[in-house]
Amino acid sequence: MRIPAVTIPALAAALLPAVALAAEVVSTAADRAELSLTIYQGGLGLVRDRRMVDLPKGASVLVVDGVAGRARDGTGALAAAGVAVREHGFELAGIDAARLLAASVGREVTVVWPGSAKEERATVLAAEPMPLFRVDGKVTAGRPERVLVDSLPAGLRPAPVWTAKVESSRAGRREADFSYLAEGLDWRADYSAHLDGDRMVVAGWATLTNASGADFEAARVRVVAGTLNRVPPPPRVMKAARGEMAMAAAMDGGAPEAAGPYHVYSLPDPVTIRHGDTRQVALTAAAAVEVERALILDPVPSQAWRDRWADPETRHPTLHLRFRNSLGQPLPAGVVRVTQAVKDGAPLLVGEDRLDATPDGAAARIVLGEAFDVTARRVQTDFVRVAPEVTEAAWEVKLANGGDRPAKVTVRERFDGEWLVVDESAQHSRDGAFTAAWTVTVPAKGEAALRYRVRVKG
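Please read these numbers as outputs of a predicted model, since none were measured by experiment. (Residues numbered from 1 in each chain as written. Predicted model: local features only at pLDDT ≥ 70, side-chain atom pairs only at ≥ 80, totals over all residues. Heavy atoms only, no water.)

With respect to the sheet that holds strand β8 (residues 119-126)
- A sheet is described by the order of its strands in space; here 5 strands give the open sequence β10-β9-β8-β7-β11, paired in antiparallel fashion. Strands at the two margins of the open sheet, each flanked by one partner only, are β10 (138-141) and β11 (146-148). Taken over all neighbouring pairs, the strand axes of this sheet differ in orientation by 45° on average, direction set aside. (Pairing = 2+ DSSP bridges. Helix = DSSP H or I, 4+ residues; strand = E, 2+ residues; numbered from the N terminus. Axes fitted to C-alpha atoms, helices over the stretch in contact; angles between N-to-C directions.)

As structure tokens, then:
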């Protein structure tokens, strides 16, 4: 059946009033009831912004301002009693002079030309590549010194917003739970540690950074330790968002908790973090752990067991601190900076290292640096090729200690095949399938020597 042409404008006329009558409701930060952030490692955050909104019955357009300029498309979600979302999206571009002029095409503005203080009314005919204006019936091309716009053109927002066409079953004020994902929110763990004899006092900090394009005032913050699987949009961003929102909804604060393969830490107090800010917030209370020191001389390259080898350098063993996580909670991976008091009591930085993610009760180890007073010289004293795939090398390690206390040094060697110690001046231990270790005590202001011969096959 052919539809008469006259019905098309009649249909359009019937639809236009409905669109025109759709009220626009703008929600600002003043409507906010609660703000929370769930921040993942890797530059992603889940923003949950609960606001009180006053919606009319029926169709309206809800505009939520104050969203992050780096909000992720397709991740906005709204939950409110009796409200159905029909269409939604982010408008993140904000406003600048070029966009304002482009949106003013066909409208009258006031212009001031360079070198003149006179204001003229003009109609904008084109914005790019060269602006065109109609002034006093003539078309003029050029860039005015100033353009005065009577009002913002429709659809142009001064700041990033989220807009949604919604349908409300009733009129009135109600709570709306709005959430979305934003790039640019990140965190890392940092630890300060003070070494005093065989004890070390450790405190953990969550270092928060905000490059999202929005300010977050007095937000409840959760940080998530672990590597989050990221799927770039499209096509699975909504699925990823739902999964992350569900995980955040399950977090109810308090002590750190496991959520799937992650650990979640709720920071104790609200945090204000503005765009461009970096803030450190207490993550773990300061607590003492027992430490064990170890001086480790690292292995020679594996090639040194396959051929004749000369190592002319004098080396220093590195100082390792070993301890057990007795802080009562898992520790996220992060940088540990260790200080120690000198004679006048002032703290001295004695080293820093990256702490691996350490479960509650698990052993941990950090490396501070090279031991200044202890030196080592390795000399290959013999090398024999027993068979095409079998070699045998003998080594002497000369250790010297210029310090006032005896030093216990562990010499480690690593092999890339089957190995057998055929002779040694001290008993070795196996530090794994491919590593041997010898421990030698070097007297204060004295020397010691270690000798070993190892056959390697493979």
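From this point on, the discussion continues.
Quick look at the packing of aromatic side chains
- Inspection of the entire model under this criterion finds 8 aromatic pairs.
- Measuring from centroid to centroid gives 5.0 Å for W305 and F415, while their planes differ by 70°, and the two rings are edge-to-face. Note that W305 is positioned in the loop between β20 (278-297) and β21 (318-324) and F415 in the loop between β27 (407-414) and β28 (418-424), a separation of 110 residues in sequence.
- Through pairs of rings, three or more aromatic residues link up here, namely F90, W162, F178 and Y180. (Phe/Tyr/Trp six-rings, centres within 6.5 Å; stacked < 30°, edge-to-face > 60°.)

Let's talk about the nonpolar core
- Counting 57 residues, the largest nonpolar core has L37, Y180, W187, M200, L208, F216 and V221 as the members making the most contacts within it.
- By residue number, the principal contributor to this core is strand β14 (residues 185-196), which donates 6 residues.
- Not counting residues within four places of it along the chain, the set of residues in contact with L208 comprises I39, D186, W187, V221, V223, L267, V271, I273, D277, T278, R279 and V281.
- One finds L295, F383, W395 and V456 within the second-largest nonpolar core, a separate group that totals 28 residues. (Core = buried A, V, L, I, M, F, W, Y, C linked by side-chain atoms within 4.5 Å. Buried < 20%, exposed > 50% of the residue type's maximum accessible area, 1.4 Å probe, protein only. Contact = heavy atoms within 4.5 Å.)

Observations concerning the pattern of salt bridges
- The tally for this structure, following the rule as stated, stands at 28 salt bridges.
- In this structure, R455 and E392 form a salt bridge, with 2.7 Å as the shortest nitrogen-oxygen distance. Taken as a pair, R455 in strand β31 (residues 446-457) and E392 in strand β26 (residues 390-401) lie far apart in primary sequence, 63 residues in all.
- The exposure class assigned to E392 is buried, which follows from its relative accessible area of 10%.
- Overlapping salt bridges bring together R32, D49, R51 and D65 as one network. (Salt bridge = Lys/Arg side-chain N within 4 Å of Asp/Glu carboxyl O.)

Some details on the layout of surface pockets
- Here the largest pocket defines a volume of roughly 810 Å³.
- R293, L295, L319, Q340 and D373 are the residues nearest the centre of the largest pocket, which is lined by 26 residues in total.
- Elements with a minimum of two residues in the lining of the largest pocket: β14, β20, β22 (334-341), β23 (347-355) and β24 (363-370).
- Of the residues that constitute the lining of the largest pocket, the class distribution is 13 nonpolar, 6 polar and 7 charged.
- What the second largest pocket holds in volume is close to 280 Å³.
- Counting only elements with at least two residues in the lining of the second largest pocket, the list comes to β14, β18 (262-266) and β22.
- When grouped by side-chain class, the residues that make up the lining of the second largest pocket number 12 nonpolar, 5 polar and 3 charged. (1 Å grid on protein atoms, 1.4 Å probe; cavity = no way out; pocket = protein on both sides within 12 Å on 5 of 7 lines; lining within 4 Å. Points joined across faces, edges and corners; volume = space filled by probe spheres on them. Nonpolar A, V, L, I, M, F, W, Y, C, P; charged D, E, K, R; others polar.)

Some words on the sheet that holds β26
- The strand order β25-β26-β31-β28 describes an open sheet built from 4 strands, whose pairing is antiparallel. Taken across any chain shown, the strands that pair with only one partner, and hence form the sheet edges, are β25 (374-387) and β28. Averaged over all pairs of adjacent strands, the angle between strand axes in this sheet comes to 25°, irrespective of strand direction.
- Relative to β31, β28 runs antiparallel, the two sharing 6 bridges.

Some points on empty space enclosed by the protein
- One pass over the structure, following the stated rule, counts 1 cavity of 30 Å³ or more.
- By volume, the largest cavity amounts to about 40 Å³.
- If you trace the largest cavity, you find it lined by S27, D49, R51, V53, L62, V64, L78, A176 and F178.
- Elements supplying a minimum of two residues to the lining of the largest cavity: β3 (44-55), β4 (58-65) and β13 (172-183).
- Ranked by the residues each element gives to the lining of the largest cavity, the list is headed by β3, at 3 residues.

Some thoughts on the side chain of T163
- Here T163 is to be found in strand β12 (residues 161-168).
- Taking relative accessible area as the criterion, T163 reaches 13% and is therefore assigned buried.
- With residues near it in sequence (within four places) discarded, T163 still touches L62, V63, E87, H88, G89, E91 and R157.

Observations regarding the environment of A98
- With respect to the element layout, A98 can be found in helix α2 (residues 97-103).
- Since its relative accessible area comes to 45%, A98 is described here as partly exposed.
- A C-alpha to C-alpha distance of 7.6 Å links A98 and A127, two positions 29 residues apart in sequence.

So, the confidence of the model for the chain
- For the chain, per-residue confidence averages 87 on the pLDDT scale, and residues scoring 70 or more make up 88% of the total.
- pLDDT under 50 marks residues 1-21. Its contacts with residues more than four places away, or in other chains, come to 0 contacts.
- The low-confidence segment residues 235-254, where pLDDT is below 50, has 35 contacts with residues more than four positions distant or belonging to other chains. (pLDDT = per-residue confidence, 0-100.)

Let's talk about the environment of I39
- Among the secondary structure elements, I39 is positioned in strand β2 (residues 32-40).
- Owing to a relative accessible area of 1%, I39 belongs among the buried residues under this scheme.
- Between the alpha carbons of I39 and V221 there is a distance of 7.4 Å; along the sequence they are 182 residues apart.

Re the side chain of T123
- Counting through the fold element by element, T123 comes out in strand β8.
- Judged by relative accessible area, T123 falls into the buried class, the value being 18%.
- With residues near it in sequence (within four places) discarded, T123 still touches G106, R107, E108, L132, F133 and R134.

What to know about the pairing of strand β15 (residues 199-210)
- Where β14 meets β15, 12 bridges bridge the pair, whose relative direction is antiparallel. When the bridges of β15 are listed, D186 appears paired with T209.
- Counted along the chain from β14 to the antiparallel partner β15, the turn is 2 residues long, and its residue G197 has a positive phi close to 65°.
- Alignment of β15 against β20, held across 10 bridges, turns out to be antiparallel. Bridging across to β20, V202 finds its partner in A287.

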